[in-house]
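Each chain, written out:
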Amino acid sequence: MVTKSRNAILVSALRVSALCIVLAGFALAQGGGELRFCLHSEPKTFDPLKVEDDASVSIRYLTGGVLLRINRQTQALEPELAQSWKVSKDAKQITFKLRSGISFSDGTPFSAEDVVYTVRQLMDPALHSPTGDSFRSGPGIVETRIISPTDISITFPAPVAGLDRQFDQVAILSAHSPKKEMAVLGPFMVADYKPGATVLLVRNPNYWKTDAQGKKLPYLDSIRLDIQPNRDVEMLRFKRGEVDLINSLDSEYFDKLWQIAPQVVHDAGPSLDSEQMWFNQVEKSPLPAYKKTWFRSASFRRAISEAINRDDLSRVVFRGHAQPAVGPISPANKFWFNAKLSAAAAYSRDAALKALQGEGFQLQNGTLKDKDGNEVVFSIITNSGNKYRERMATMIQEDLGKIGIKVNVVTLDFPSLIERMTQTFEYEAVLLGLTNTGLDPNEQMNVWLSSSENHQWNPSEKTPETAWEAEIDKLMREQASSADARARKKAFDRVQEIVVDEVPFIYLVNRNALSAVAADVQGASPVILSPQTFWNADRLEVKGERLALK
Amino acid sequence: MPRHRQFASSALLQKIARHSLALVATVLLGGFLAAVLVRLAPGFEVDERQLDPRLNSESVHALVQARAAPHNIFSFYVRSLERAIHGDLGTSISLGQPVSSLLRERAPLTLRLVALGLILSWTSAMALGLSAAWLRTTAYDALTTVLSGTFLCIPAAVLALLSVLWNLPGALAIALIVFPQVHRYARNLLAKAYNLPHIITARAKGLSESRILFWHVVPVVAPQLLAVAGVSVNIAIGAAIPVEALCGLAGVGQLAWQAALARDLPLLMNVTILVTLVTLLANSSADVIGHVLRSQQA
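Residues numbered from 1 in each chain as written. Chains lettered and ligands numbered in written order. Predicted model: local features only at pLDDT ≥ 70, side-chain atom pairs only at ≥ 80, totals over all residues. Heavy atoms only, no water.

## Focus: a nonpolar patch on the surface
Here is step 1 of the chain: A contiguous nonpolar surface patch, about 320 Å² in accessible area, is contributed by B:Leu165, B:Trp166 and B:Leu168.
Here is step 2 of the chain: Looking at where B:Leu165 falls in the secondary structure, it is placed in helix 6 (residues 156-165). (Patch = residues over 30% accessible without salt bridge, like charges linked within 9 Å, V, L, I, M, F, W, Y side chains within 5 Å. Areas by Shrake-Rupley, 256 points an atom, 1.4 Å probe, with all protein chains shown as cover. Salt bridge = Lys/Arg side-chain N within 4 Å of Asp/Glu carboxyl O. Helix = DSSP H or I, 4+ residues; strand = E, 2+ residues; numbered from the N terminus.)

## A word on the sheet that holds strand 4 (residues 82-87) of chain A
All names here are of chain A.
Here is step 1 of the chain: Overall, antiparallel pairing links the 4 strands, which are arranged 4-5-7-6 in an open sheet. Strands at the two margins of the open sheet, each flanked by one partner only, are strand 4 and strand 6 (143-148). Averaged over all pairs of adjacent strands, the angle between their axes in this sheet comes to 20°, without regard to strand direction.
Here is step 2 of the chain: Relative to strand 6, helix 3 (residues 112-122) is tilted by about 175°, and along the sheet it contacts strand 5 (93-98), strand 6 and strand 7 (151-155). (Pairing = 2+ DSSP bridges. Axes fitted to C-alpha atoms, helices over the stretch in contact; angles between N-to-C directions. Contact = heavy atoms within 4.5 Å.)

## Remarks on the side chain of A:Asn458
All names here are of chain A.
Here is step 1 of the chain: Along the chain, the position of Asn-458 falls in the loop between helix 14 (445-448) and helix 15 (467-480).
Here is step 2 of the chain: A distance of 3.3 Å separates the side chain of Asn-458 from the side chain of Glu-461, its partner in a polar contact.
Here is step 3 of the chain: Within the structure, Asn-458 has its side chain in polar contact with the side chain of Glu-465 (distance 2.9 Å).
Here is step 4 of the chain: Residues contacting Asn-458, with those up to four places away along its chain left out, are Gln-281, Val-282, Glu-283, Arg-296, Ser-450 and Glu-465. (Polar contact = N/O pair within 3.5 Å; in protein donor to acceptor, adjacent residues only side chain to side chain.)

## Quick word on the packing of aromatic side chains
Residues and elements named next belong to chain A.
Here is step 1 of the chain: Under the criterion given, the structure shown has 30 aromatic pairs over all chains.
Here is step 2 of the chain: The rings of Phe-279, Tyr-290, Trp-294, Phe-295, Phe-300, Phe-361 and Phe-378 are connected pair by pair, giving a single aromatic cluster.
Here is step 3 of the chain: Sitting over the face of the ring of Tyr-253, Lys-387 holds its NZ or CZ atom 5.7 Å from the ring centroid.
Here is step 4 of the chain: Lying across the ring of Tyr-388, Arg-511 places its NZ or CZ 5.0 Å from the centre. (Phe/Tyr/Trp six-rings, centres within 6.5 Å; stacked < 30°, edge-to-face > 60°. Lys NZ or Arg CZ within 6 Å of the ring centre and 35° of its normal.)

## Some details on unusual backbone geometry
With glycine set apart, most residues show a phi of negative sign, and most peptide bonds adopt trans.
Residues and elements named next belong to chain A.
Here is step 1 of the chain: Here the amide bond leading from Leu-217 into Pro-218 is cis, since omega sits at -5°, within 30 degrees of zero.
Here is step 2 of the chain: Relative to the helices and strands, Pro-218 is located in the loop between strand 9 (198-203) and strand 10 (222-227).
Here is step 3 of the chain: The phi torsion at Asn-365 lies on the positive side, around 50°, for a residue other than glycine.
Here is step 4 of the chain: Along the chain, the position of Asn-365 falls in the loop between strand 14 (362-364) and strand 15 (367-369).
Here is step 5 of the chain: Residue Asn-365 is classed as exposed on the basis of its relative accessible area of 83%. (Buried < 20%, exposed > 50% of the residue type's maximum accessible area, 1.4 Å probe, protein only.)

## Describing empty space enclosed by the protein
Residue and element names in this part refer to chain A.
Here is step 1 of the chain: Using the criterion set out here, one finds 7 cavities of 30 Å³ or more in the structure.
Here is step 2 of the chain: In this structure, the largest cavity occupies an estimated 180 Å³ of space.
Here is step 3 of the chain: A volume near 130 Å³ is recorded for the second largest cavity.
Here is step 4 of the chain: What lines the second largest cavity is a set of 18 residues, among which Phe-46, Pro-48, Thr-63, Glu-181 and Val-184 lie closest to the centre.
Here is step 5 of the chain: Ranked by residues supplied to the lining of the second largest cavity, first place goes to helix 2 (residues 54-63) with 4 residues.
Here is step 6 of the chain: For the lining of the second largest cavity, a count of residues per class yields 11 nonpolar, 4 polar and 3 charged. (1 Å grid on protein atoms, 1.4 Å probe; cavity = no way out; pocket = protein on both sides within 12 Å on 5 of 7 lines; lining within 4 Å. Points joined across faces, edges and corners; volume = space filled by probe spheres on them. Nonpolar A, V, L, I, M, F, W, Y, C, P; charged D, E, K, R; others polar.)

## A look at the interface of chain B and chain A
Here is step 1 of the chain: On the chain A side, the residues contacting the 43 residues of chain B number 43 residues.
Here is step 2 of the chain: Around 3,700 Å² of area is buried between chain B and chain A when both sides are counted, 50% of it from carbon and sulfur atoms.
Here is step 3 of the chain: Looking at the side of chain B facing chain A, the largest losses of area belong to B:Leu51, B:Pro53 and B:Arg54, adding up to 20% of the total buried there.
Here is step 4 of the chain: Applying the counting criterion to the chain B and chain A interface returns 3 salt bridges. (Buried area = accessible area lost by both parts, 1.4 Å probe.)

## A short note on the state of the cysteines
Here is step 1 of the chain: Under the defined criterion, the tally for this structure stands at 0 disulfides over all chains.
Here is step 2 of the chain: The closest cysteine sulfur to the non-disulfide-bonded B:Cys247 is located on A:Cys38, 14 Å from its own sulfur. (Disulfide = S-S within 2.5 Å.)

## Some remarks on the environment of A:Ala112
Residue and element names in this part refer to chain A.
Here is step 1 of the chain: Tracing the chain through its elements places Ala-112 in helix 3.
Here is step 2 of the chain: It is 50 Å that separates the C-alpha atoms of Ala-112 and Ile-381, two residues lying 269 residues apart in sequence.
Here is step 3 of the chain: Ignoring anything within four residues of it in the chain, the contact list for Ala-112 reads Leu-98, Ile-146, Ser-148, Pro-149 and Ile-152.

## Brief notes about the pairing of strand 9 of chain A
All names here are of chain A.
Here is step 1 of the chain: The element strand 9 is extensively covered by neighbouring structure, given that 6 of its 6 residues are classed as buried.
Here is step 2 of the chain: Relative to strand 9, strand 8 (residues 188-194) runs antiparallel, the two sharing 6 bridges. Bridge pairing links Val-190 to Leu-201 in strand 9.
Here is step 3 of the chain: Between the antiparallel neighbours strand 8 and strand 9 lie 3 residues, among them Gly-196 with a positive phi of about 80°.
Here is step 4 of the chain: As defined by bridge partners, strand 9 adjoins strand 10 across 5 bridges and the pair is classed as antiparallel. Paired with Val-202 across the two strands is Ser-222, which belongs to strand 10.

## Overview of the pattern of salt bridges
All names here are of chain A.
Here is step 1 of the chain: For the structure shown, the criterion picks out 39 salt bridges over all chains.
Here is step 2 of the chain: For the salt bridge of Arg-319 with Asp-255, the shortest nitrogen-to-oxygen distance reads 3.5 Å. Separated by 64 residues along the polypeptide, Arg-319 in the loop between helix 10 (310-317) and strand 13 (322-324) and Asp-255 in helix 7 (residues 251-260) bring together distant segments of the chain.
Here is step 3 of the chain: Note on Arg-319: relative accessible area 42%, which makes it partly exposed.
Here is step 4 of the chain: Notably, a salt bridge pairs Lys-543 with Glu-541, separated by 3.1 Å at the nearest N-O pair.
Here is step 5 of the chain: Assessed through its relative accessible area of 38%, Lys-543 is described here as partly exposed.
Here is step 6 of the chain: Glu-541 sits in the buried class, given a relative accessible area of 16%.

## Comments concerning helix 2 (residues 57-67) of chain B
Here is step 1 of the chain: Those residues of helix 2 of chain B not exposed but buried are B:Ser59, B:Val60, B:Leu63 and B:Arg67. Projection of helix 2 of chain B onto a plane perpendicular to its axis shows the buried side chains occupying an angular sector of 100°, all on one side. Of the exposed residues in helix 2 of chain B, the ones pointing more than 90 degrees away from its buried face are B:Glu58 and B:Gln65.
Here is step 2 of the chain: Where helix 2 of chain B is buried, its residues touch helix 4 (130-135) of chain A. (Arc of directions from axis to C-beta.)

## Brief notes about the packing of helix 9 (residues 209-247) of chain B against helix 10 (residues 252-261) of chain B
Residue and element names in this part refer to chain B.
Here is step 1 of the chain: Two numbers describe how helix 9 lies on helix 10: the axes approach to 7 Å, and their chain directions differ by 80°. Between helix 9 and helix 10, the angle falls in the class roughly perpendicular. Contacts between helix 9 and helix 10 involve Ala-240, Ile-241, Glu-244 and Ala-245 on the former and, on the latter, Val-252, Gly-253, Gln-254 and Trp-257.
Here is step 2 of the chain: Across the contact of helix 9 with helix 10, the residue classes break down as 5 nonpolar, 2 polar and 1 charged. (Parallel < 35°, antiparallel > 145°, perpendicular 65-115°, else oblique.)

Have a look at this one:
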């Protein structure tokens, strides 16, 4: 977070220098034009190590220089500021060979000292950032060693799974620049920030990359990021030709745009994100004992899963722009998805009812009752204002009504929902989504470990309460301490199988990665990974007149 | 100084003192009530970031601790006031920036929106009210009344959405929200004033309309219109919240909306105090000026 004094100085300094930078930018203009799109919230920080919100992540992606970058199209790891790298067999140490002759945006030379400085800042225990926490696999100190001005090794106290891929999120800071985090190595740099309104990025004149013809990148002269929380306004502005890109496009808007200008919309297929539902299995929750018994029964959960028609959810709620979900990993995650898992739980009302009857449930006059005669009634809570979740909940209500289960749908604002999920446990079932930003299953570690706060169906278990949770704990720890990709894959494949079998989460759909790119933007190739439309921002150009769509 | 003037100025001073006292008490109470309501709102002690699966237990605990800070809301409020006296309004929980700088950055836009909205609404309301009083045509009067009634029936959020849809300035949405309220009172007051015997006589004697308006009508209706002016400021400020939130305008209204959604106690408390202060100042000023005008007329 930007501190009080630093923030004031930062904003003033940005404003004072904005004109100079913009004028300098004009002098150095490549003729690639200005790209415009919306951030959906205020960026909370420009410090790349403290980034946690989406707006700041976008700015970090556009301005930060990283040692290694995951190619958003091929999902392969590619060298950036490091020209080569090597991970030790025990997954504790990584050695980089850095490129030479590179400078930060303010002209400060880039060296191994900057990497050391960045890693030390990142691993400060007081930082509490998601990026830093991803590297923290065990207690102890991280050691950095400069072997030569261009060679450096970093040793972690415990094995870090997917160590090299995690450097995709680490933007290198300058150890010596007086501009601190505002001196960057990425294709763009922050030139102006009007709180609540816009962030202006201009091309970094010292960016090190060139294209195949030797022309300096980026092509674009600037990027204007309008802070616009309202997605409807964003859509209107896109239609008016005022913004060029929309990420995570709404499926309704996708269809509307497709009708008037099919060339501007892109459906890249299933994304990494999933929509899921789960039951409250917390022993200390204030639910009646008989309900806890239902929710803690894998057979009950499996039957509910079987009674939900995922094809209808995809077709009706998402207008076909979603795929029935198979398990915790989307098929879009090419390496980690367990291809042995059969298609999504087949919808079968009869099979679901039969399974429930096998557990002692009885259908009497259209109402399902358990063996003690309790009517099967529960409520699903979801966040208000999310029309897709509200519609999904209504369709689930209809599906379960067909087997005699009465479902009440309750929408709550997000803070109230989180309070019930994490503190009071006053809920029966939740319908929410999981946004996966990374490909590696280690990013979900805190969801699967039974001791974790984010083990949502039953958080912070002192010891695993079931055998299958104990097995997941063991497998997740095993894969996290191994550098062998095949062994890790084998362990996580098994985790996926257990999850599909025990159904702690009822995975519903994987939404498609929908986006819109204006016709005047050249070089765009939207992908499923974030940031969908501007992953290759240094090679985008805006040419021609901005036209309104009619 | 003549005795009646001495009496008038002392009454005025008493009125100003009463208003100042009420203003301070209301602002303090308003701020406290806002703080209590936010503190008691469900979800106050949680942070959306807790759900980030990349955060480890220590980081989640740090987030929980940061949110759980003010257990005693009264002592929190007193401490906040003490800090506010020294110019420190605290730090926004959701935006991570000093509240004072957030308000400083956003207030000019809201003030501009509200001022423009008020000018537009008052100009149109007075123009329609005066023309109806001058023309005295039933059809025209009905037309203007229907027009203002229509805007009165449309919710503020719908007007804001229409302004987004048709790419109209946010100030116009505020003007359309305030207009029917002002028009109703202005029309009635003006119609009543133009029916006063001395004004009918003046018109019969052929006095110019501008002379009748400024010499005979304005002095009669000014004190009541001033009271409406105070209320219209309240309406305009209230309208700024949905208009800014829906139109994506970065003013204090949008900030208040975001603060409410994020249970941002320091921000919401200060925004409430600021809004209460501005609305009470507007109402009190209108009342005091009205009092002066009435005294002069007497």
